[in-house]
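What the coordinates show
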Amino acid sequence: MSLYDDAVLVLKGYEGQPELRQAYLDHLAAHPDGMWKACHAGHVTASALVIDPERGRVLLTLHRKLRMWLQMGGHCEPGDPTLAAAALREATEESGIPGLTLLPGGPVRLDRHPIPAPCHWHLDVQYAVLAPPGAVQEISDESLDLRWYAYDEVAGVADESVVRLLQATHARL
């Protein structure tokens, strides 16, 4: 199964946000290259909130280009077999934490946001991953900083999309 086919199946099975979910499916139907950064009409991305539920905290990255505190994530790559695998790969690469595991149940949220030209939209499929006990982060080239935040601190440093992702993740826990 291709990554495109997996994305369509994942989105069809996702039960939340029906209008946005349909917009993602319509986009993929109109753009067979909609999984890739080269699709300038917009493309699907995969992200993951790194969470440590035992300590009530999440790991956020200070994104190098955007200079905002965000969850880990980014573009799908040809070697990614599934959207979930892409999200897990991105979270592992950007956090430097081995042994992350996906929170069961598939995507936690969808978030569509505009990005600078030449592309127009990121159609982000958002997952959550659990950090192993004693996890120690390591900054990647994509980050200016990595920092653990208590759940109640996130709204003070991150935008509404991250706050909504944390709320949805916390509800699933």
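In short, a report on the structure. Every chain's residues receive numbers from 1 upward, in the order its sequence appears when written. Confidence filtering applies because this is a predicted model: local features only for residues at pLDDT of at least 70, side-chain atom pairs given and counted only at 80 or more, and all residues used for totals across whole chains, interfaces and linings. Side-chain measures were taken over the full set of non-hydrogen atoms in the model, leaving aside hydrogen atoms and water.

Here the focus is the pattern of salt bridges. Think of a salt bridge as a Lys or Arg side-chain nitrogen and an Asp or Glu carboxyl oxygen that are within 4 Å of each other. Applying the stated rule across the entire model yields 7 salt bridges. For the salt bridge of aspartate 145 with arginine 147, the shortest nitrogen-to-oxygen distance reads 2.6 Å. Given a relative accessible area of 38%, arginine 147 falls into the partly exposed group. Taken together, the shared-partner salt bridges in this structure form one network comprising Glu77, Asp80, Arg89, Glu90 and Glu93. Only protein chains enter the accessibility calculation, which uses a 1.4 Å probe; a residue is then buried when its area is under 20% of its type maximum, exposed when over 50%, and partly exposed in between.

Before going further, it helps to spend a moment on helix H1 (residues 3-13). For an α-helix, 3.6 residues make a turn, and residues three or four places apart therefore share a direction. Secondary structure elements are defined from DSSP: runs of H or I of at least 4 residues count as helices, runs of E of at least 2 residues count as strands, and each element is numbered from the N terminus. Of all the positions in H1, only Leu3, Asp6, Ala7, Val8, Val10 and Leu11 are classed as buried. Those residues of H1 hidden inside the fold are in contact with helix H2 (18-30), helix H3 (83-95), strand S6 (109-114) and strand S7 (121-130). A contact between two residues is defined here by any heavy atoms of the two lying within 4.5 Å.

Time to look at the packing of aromatic side chains. Only the six-membered ring of Trp is used, alongside the rings of Phe and Tyr, when aromatic pairs are assigned; centres must lie within 6.5 Å, and planes under 30 degrees apart are stacked while those over 60 apart are edge-to-face, with the rest tilted. Taken as a whole and assessed by the stated rule, the structure comprises 1 aromatic pair. For a ring to carry a charge above it, either NZ of a lysine or CZ of an arginine must fall within 6 Å of the ring centroid while also lying within 35 degrees of the normal to the ring plane. Directly above the ring of tryptophan 148 sits arginine 57, whose terminal nitrogen or CZ lies 4.0 Å from the centroid. In this structure, arginine 112 packs its charged tip against the face of tryptophan 121, placed 5.3 Å from the ring centre.

Our focus in this paragraph is the nonpolar core. When a protein is soluble and globular, its nonpolar side chains tend to lie buried together. Among buried residues, those of type Ala, Val, Leu, Ile, Met, Phe, Trp, Tyr and Cys that are joined through side-chain atoms within 4.5 Å constitute a nonpolar core. Judged by nonpolar contacts, the single largest core of 34 residues is most densely connected at Met35, Val50, Leu83, Val125 and Tyr127. Aside from chain neighbours lying at most four places away, what touches valine 125 is Leu11, Tyr24, Val44, Thr45, Ala46, Ser47, Leu83, Pro107, Arg109 and Leu110. Within the second largest apolar cluster, 17 residues are counted, among which are Leu60, Trp69, Ala158 and Val163.

Our focus in this paragraph is unusual backbone geometry. Comment: phi is negative for the bulk of residues other than glycine, and the bulk of peptide bonds are trans. One non-glycine residue, glutamine 17, lies in the positive phi region at around 45 degrees. Residue position: glutamine 17 is located in the loop between H1 and H2. A relative accessible area of 22% means that glutamine 17 is categorised as partly exposed. Notably, arginine 67 is not glycine yet its phi reads approximately 55 degrees, a positive angle. Relative to the assigned elements, arginine 67 resides in the loop between strand S2 (57-63) and strand S3 (69-70). Taking the relative accessible area as the measure of exposure, arginine 67 reaches 59% and is therefore exposed.

All right, on to the environment of glutamate 153 then. Mapped onto the fold, glutamate 153 is located in the loop between strand S8 (143-150) and helix H4 (154-157). Sequence separation between glutamate 153 and arginine 57 is 96 residues; the distance between their C-alpha atoms is 8.9 Å. Nitrogen and oxygen atoms within 3.5 Å of one another constitute a polar contact, given that in protein one can donate a hydrogen and the other can accept it, and given that sequence-neighbouring residues count only through two side-chain atoms. A distance of 2.8 Å separates the side chain of glutamate 153 from the backbone nitrogen of alanine 150, its partner in a polar contact.

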